[in-house]
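Chain by chain, the residues run as shown.
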Amino acid sequence: MYRIVLIPLLLLILAVALIPLLADKAAILDIATSALYKQTGATLTVAGDTELTLFPTLGISLSDVAVVLDGQDHRDLRARSVKMGVQLLPLLKGNIAIDTVSLEGLIVRSEPHTEGVDNGTRGTDIAADGVAALAVPLSLRVKRLLITDARWEEIDSTGAVSTLLELVKLQAMNLNLEQSPIAIELQLTRPGEQPMALSLDGNLRINQHTQQINLDNIVMKISGATAIPVQVQTNGTIDVSREVADLQLTFESGETHGTGSLHYANGESPRVDAVLQINVLDKALLALAGPKAATAAGEVSTSAGWNEALPLAALRLIDTQAVLDIKSARFGDHTVNNLHINLRALNGLIEVSDLTGNLYGGELAATATLDGRGDTASLKTRGSLTRLDIATALAATESARMLSGNATVNWQLGSRGRSTNELIAALNGPIKLTTDNVVLQGISVEKSLCKAVALTNNESLTASFPANTRFETLFASIQVANGKATLNPLRAELPGIALIGSGNYDLVKQNFVAAFKGRLSEKLEQLDHACRVSKRLTAIDWPVNCAGSVGTEPASWCRVDTAKIVQDLTINEGLDKLEKKASKLFNKLFNRGD
């Protein structure tokens, strides 16, 4: 792009040297075209008008300008208008003092990259063009550079033209390389199915000797990348020769705002090293804009998008180390407060070495590794959640408040899959659940069992039972595999009753089945006289079968299998009678001689 900036400068110098030929503009253009070709290998054509002025400044205006670059550079440049204004007196003395350089309707057109070449090179080419566009004006100390309506285009194999990027406006004032402030204003757009826009405004200072750029309160606004526009303010330094940047950031997007630092080094690993403090992180901030934005929120909560393939190719491009401190992180219906994450991502391997936070009053501490280097991702995680408030957690999911109390969970899990749902379905590993002060709302296990006891005693209950069940102990050892959590053993204890059993919970469908065997003690008589337990009742198992799904009424979950109890009692009583008869027979047999 710098070649098109050189065109009017060459013409102006020639105009001063060849003032007698000013009337013959074609001659000046021929000389300038020849000079440009010798210096750059580029071919210049001007299909429109050429205007030259002498006073008050020496100016030139070209329209419909085209530059065809040499064969090694598969791009060409066109501009609807190129203008430059130079102070005449300094030029006559051999100095160049440029007031204005203006490019309008600039088009940079290139052939498509070779198949298999990373498309990220396009961004590199465009960035290089942008630097080149500033290089000549900077060295010439141009007072005002203005580029409007510029486009980077690509031609495919069929000849169709697509626009990669549009530069709405670039204006830079007082360009220099001596660290004096340069005011810069930039407006960029990226067209397409998901259009994006970036605006930039602020000051920068450039030191030619140290090859450093200082950013002074640069404000960027980005829209279209996410559902909510993002504004970033940054200060810092960029080392151009080393391709290193050290920046201090403040940013906001909707209700989210934060501060932090970012170190970028193109030739180092990690390429990006960031430390960020954020007040709120939620799905609205992370949701993509564009056609899918309307359903993004729904996909997070309904898991409709969880069947989509994981973005493993994109993950392999990341080389980042980050420390994040988030005051409130919202994941669907759940909120983690004071979330701290320390992560490292390189070539598709993401390691979370430290993850802590507060979830519903419980203390979260975990580590995790996602390996996306192959076609199928593998996940490993271990951690604990200590003293979670069960009622608060259920309320957050708008489920029935069937449980209250505290729970502590420890896990060590692994999985493999190509989508979120596949990872969930393939989870495997042990989980241990212990509880404290757990109360099951809306169901009285004591009453259910006492009804069965009273039936065996041929009596009816007369006492009032509490509507809820308060557990003295509730413990589960859980093994996760094939999308199901197997609870074995599942142990529960309440006054006068001990339950032990096993069960299964479907992680995707969120339903469960469980079977318990209960053992009763004489303490039950304290609840109701009809619930007195004799020796024959303590000798049998009292089966309790449960089934249901999250969100349904707990009262319908469990029932006591009275038929099995009667059967066991009959068998036990029959065995007891048989033992007594056998005892009498043995006594007669061995005491016959007495």
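Our structure is the block above this text.
Quick caveat: nothing in here was measured; it's all calculated off a predicted structure. (Residues numbered from 1 in each chain as written. Predicted model: local features only at pLDDT ≥ 70, side-chain atom pairs only at ≥ 80, totals over all residues. Heavy atoms only, no water.)

Caption draft 1: Geometry of the state of the cysteines. One pass over the full model with this rule turns up one disulfide. A sulfur-sulfur separation of 2.1 Å characterises the disulfide bridge that pairs Cys-450 with Cys-531. Measuring the twist about the S-S bond at about -80°, one finds the Cys-450-Cys-531 disulfide to be left-handed. With Cys-450 in helix α10 (residues 445-456) and Cys-531 in the loop between β27 (511-520) and α11 (535-538), this residue pair connects regions lying 81 residues apart in the sequence. By relative accessible area, which is 0% here, Cys-450 ends up buried. (Disulfide = S-S within 2.5 Å. Helix = DSSP H or I, 4+ residues; strand = E, 2+ residues; numbered from the N terminus. Buried < 20%, exposed > 50% of the residue type's maximum accessible area, 1.4 Å probe, protein only.)

Caption draft 2: Seen up close, unusual backbone geometry. A cis amide bond links Ser-269 with the next residue in sequence, Pro-270, at an omega value of 5°. With respect to the helices, strands and loops of the structure, Pro-270 is situated in the loop between β14 (256-265) and β15 (272-281). Residue Pro-489 is bonded to the preceding Asn-488 through a cis peptide linkage, with omega at 0°. As for its placement among the helices and strands, Pro-489 is situated in strand β25 (residues 484-494). For Gln-179, which is not a glycine, the phi torsion comes out positive at approximately 70°. Inspection of the secondary structure assignment puts Gln-179 in the loop between β8 (161-173) and β9 (182-190). Even without a glycine there, the phi angle at Gln-211 is positive, about 60°. In this fold, Gln-211 is placed in the loop between β10 (196-207) and β11 (212-223). For Gln-211, a relative accessible area of 34% puts it in the partly exposed group.

Caption draft 3: Structural context of the pattern of salt bridges. Taken as a whole and judged by the stated rule, the model has 14 salt bridges. Residue Arg-151 is joined to Glu-153 by a salt bridge in which the shortest nitrogen-to-oxygen separation is 2.9 Å. Residue Arg-344 is joined to Asp-319 by a salt bridge in which the shortest nitrogen-to-oxygen separation is 2.9 Å. Here Arg-344, found in strand β17 (residues 334-346), pairs with Asp-319, found in strand β16 (residues 319-331); they are 25 residues apart in sequence, far enough to count as distant. Pair check on accessibility: Arg-344 and Asp-319 agree, each one buried. Salt bridges linked by common partners bring Arg-80, Glu-104 and Asp-149 together as one network. (Salt bridge = Lys/Arg side-chain N within 4 Å of Asp/Glu carboxyl O.)

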